[in-house]
Structures are given as C-alpha cells and as structure tokens.
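What the coordinates show
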Amino acid sequence: MPNRPQNWKPHSLLSRITDDKKVRSWLTSQGSLTLRLRQHCPDINVQVLSESLQVPLVSEATALNMANNERAWVRCVLLKCHQQSWVYARTVIPNFNPSNPWQPLQKLGNKPLGEVLYQMPSIERTPFEFCKQPLNAWPLLNSILGVYQDNPSSFARRSVFLKQASPLLLTEVFLPGLFNFY
C-alpha cells in the first residue's frame, strides 16, 4: 500500500485538505520545521528509520522527474519529543553519486536535516505541496506506529530544495502526536 498514488495539492488548494487553522499553521510554516519544533520541545530528537539507495515512491519519482525504478538515496526519520513521534520525514536525493552536492548529507546520523539545510548557502526551495493520507500510506510507519489501530489520516507537505541544480525532495508528515500536544 505505501506506493499508491498520492494526491498532492498546491498552496492555492490547501483548503481542500484542511480548514483547521492549527494544522494550516504547521503546514505552511516557512523556515526550519526542526527549529519550530524545538520552540515547543527543546529536546527534540531524531530516530533514523532507514537510510539507503532505493526506488522512491511513485509520487516522489514523478516530482523529481525520475525514470521508473530509478534508485535514489532515501532517508526516513521520526522527529520525536520525549519518545512521542511528532513528524515523519522522507528525504529523497536522485543521482546520488560522489559529485552530487548533497553527498555530505549521507553522514547526518541522528542530526536533523533542518539544522543543516538552512546553514547551506545558495539553496533554493520550491513552493510547498500538500496532501492528506492514511498513516499506512507512508513506508515504515505501520511497523513503527502500530499503536494507531484505526489508521488515521495524516497531513503532509513537501518541497524540493535545489543546490547547484541538484534536487532534494523533503516530505514532512505531521503525526497525530504533534496535534495532540500542541
């Protein structure tokens, strides 16, 4: 089920996904999501779920103009506050070879991507796209967050960062734990 198509919407159609002001505030927040999370939880930490070369989701490959079955570097993490999962994030980098300017990100470990991205000069970011999907639409979440018996929907945003014309797709999925806290 994780590779089913996702219906991403531009900012102009965000109201089709949610009218909730609290959710919209998180979805449209500019700047580092990690920094914003730290304002609510200074002890935010990163749990790396996976990090490898793999075939991205169909919607990710489409957003990055990748060929079918082309491999990319994919990193999946949970951003957590006091063991409560708040955000599931996926980073997808195509053409991941030694000359790719994103290559140093392979050594992030448990460091949040947001703490590195916003320190880099000459980065461009595309406008956000948004979607609402059941939690089981995202790889690895079923096994990690099996506590959600009813499989609630989650809100997500994504955008492409460009460095030296090389893309990095970042998807951030806002988990129920964040909205229960905030």
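Residues numbered from 1 in each chain as written. Predicted model: local features only at pLDDT ≥ 70, side-chain atom pairs only at ≥ 80, totals over all residues. Heavy atoms only, no water.

This paragraph deals with the nonpolar core. Here is a general trend for soluble globular proteins: nonpolar side chains tend to be buried in one another's company. By size, the foremost hydrophobic cluster in this structure holds 35 residues, and its most contacted members are Leu37, Trp86, Trp102, Leu105, Leu168 and Phe174. Those elements that provide at least two residues to this core are α1 (21-28), α2 (33-40), β3 (72-81), β4 (84-94), α4 (113-117), β7 (153-163), β8 (166-174) and α6 (176-181). (Core = buried A, V, L, I, M, F, W, Y, C linked by side-chain atoms within 4.5 Å. Buried < 20%, exposed > 50% of the residue type's maximum accessible area, 1.4 Å probe, protein only. Helix = DSSP H or I, 4+ residues; strand = E, 2+ residues; numbered from the N terminus.)

Let us look at the pattern of salt bridges. Across all of its chains, the model carries 6 salt bridges by this definition. Arg24 is paired through a salt bridge with Asp19; the nearest N and O atoms lie 4.0 Å apart. Under the relative-accessibility criterion, Arg24 is labelled partly exposed at 26%. Put simply, Arg158 and Glu129 hold a salt bridge, and the shortest N to O gap is 2.8 Å. Here Glu129 lies in strand β6 (residues 129-134) and Arg158 lies in strand β7, a separation of 29 residues in the sequence. Judged by relative accessible area, Arg158 falls into the buried class, the value being 6%. (Salt bridge = Lys/Arg side-chain N within 4 Å of Asp/Glu carboxyl O.)

Here we take up α1. Among the residues of α1, Val23, Trp26 and Leu27 are the ones counted as buried. For α1, the arc enclosing every buried residue in end-on projection is 100 degrees, short of the 170-degree limit, so these residues lie on one face. The residue sitting at the N-terminus of α1 and contributing the capping side-chain oxygen is Asp20; that oxygen lies 2.8 Å from the backbone nitrogen of Lys22. (Arc of directions from axis to C-beta. Polar contact = N/O pair within 3.5 Å; in protein donor to acceptor, adjacent residues only side chain to side chain.)

This part is about unusual backbone geometry. The phi dihedral of Asn65 falls on the positive side, at around 55 degrees, and the residue is not glycine. Mapped onto the elements, Asn65 comes out in the loop between α3 (58-63) and β3. Classification of Asn65 as exposed rests on a relative accessible area of 71%. The backbone of Gln164 sits at a positive phi, close to 50 degrees, despite the residue not being glycine.

Take the side chain of Arg90 next. Mapped onto the elements of the fold, Arg90 is located in strand β4. Judged by relative accessible area, Arg90 falls into the buried class, the value being 2%. A polar contact is formed between the side chain of Arg90 and the side chain of Glu60, at a distance of 2.6 Å. When neighbours within four sequence positions are excluded, Arg90 is seen to be in contact with Leu57, Glu60, Val74, Arg75, Cys76, Trp138, Pro139, Leu169, Leu170 and Thr171. (Contact = heavy atoms within 4.5 Å.)

This part is about the confidence of the model for the protein. Chain-level pLDDT for the protein is 88 on average; 91% of the residues reach the 70-or-more range. Between the elements of the protein, mean pLDDT differs from a low of 71, seen in helix α5 (residues 141-144), to a high of 96, seen in β8. (pLDDT = per-residue confidence, 0-100.)

Position of Cys76 among the secondary structure elements: in strand β3. C-alpha of Cys76 to C-alpha of Trp138: the two residues are 62 residues apart in sequence and 9.9 Å apart in space. Discounting residues that sit within four places of it in the chain, Cys76 has contacts with Gln47, Val48, Leu49, Ser50, Tyr88, Ala89, Arg90 and Leu140.

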